[in-house]
Amino acid sequence: MKRTLICIIAIALIAAFWTFHQAGASGLGPGAQAPELKGGPWIGGEPVKLEELRGKVVLLDMWTFA
């Protein structure tokens, strides 16, 4: 039982490290500046700059089909 718990904790730590390592490698890790929003169609008109959204609550609804 104790050995199983140690294995589960080790796997969780490795997975967390790998996730943060991958995010940092892409430049989109914690603390990184968000890239400008691209794509569309935009509901409510033209796309906005991130600077215009500073301090506001923003809902991003993204879909993908695979």
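Everything below is about the structure printed above this text.
What this report covers is the structure whose coordinates are included nearby.

This part takes up the overall build of the protein. A tally of helices and strands in the protein yields 2 helices and 0 strands. Of the roughly 6,700 Å² of accessible surface on the protein, a fraction of 67% belongs to carbon and sulfur atoms.

Further remarks concern a nonpolar patch on the surface. A contiguous nonpolar patch, built from L5, I9 and L13 and spanning about 300 Å² of accessible area, is present on the exposed surface. Within the element layout of this structure, I9 appears in helix α1 (residues 2–25). A relative accessible area of 44% places I9 in the partly exposed class.

Cut-off values and rules
Residues numbered from 1 in each chain as written. Predicted model: local features only at pLDDT ≥ 70, side-chain atom pairs only at ≥ 80, totals over all residues. Heavy atoms only, no water. Helix = DSSP H or I, 4+ residues; strand = E, 2+ residues; numbered from the N terminus. Areas by Shrake-Rupley, 256 points an atom, 1.4 Å probe, with all protein chains shown as cover. Patch = residues over 30% accessible without salt bridge, like charges linked within 9 Å, V, L, I, M, F, W, Y side chains within 5 Å. Salt bridge = Lys/Arg side-chain N within 4 Å of Asp/Glu carboxyl O. Buried < 20%, exposed > 50% of the residue type's maximum accessible area, 1.4 Å probe, protein only.

By themselves, these are just geometric observations and shouldn't be taken as functional.
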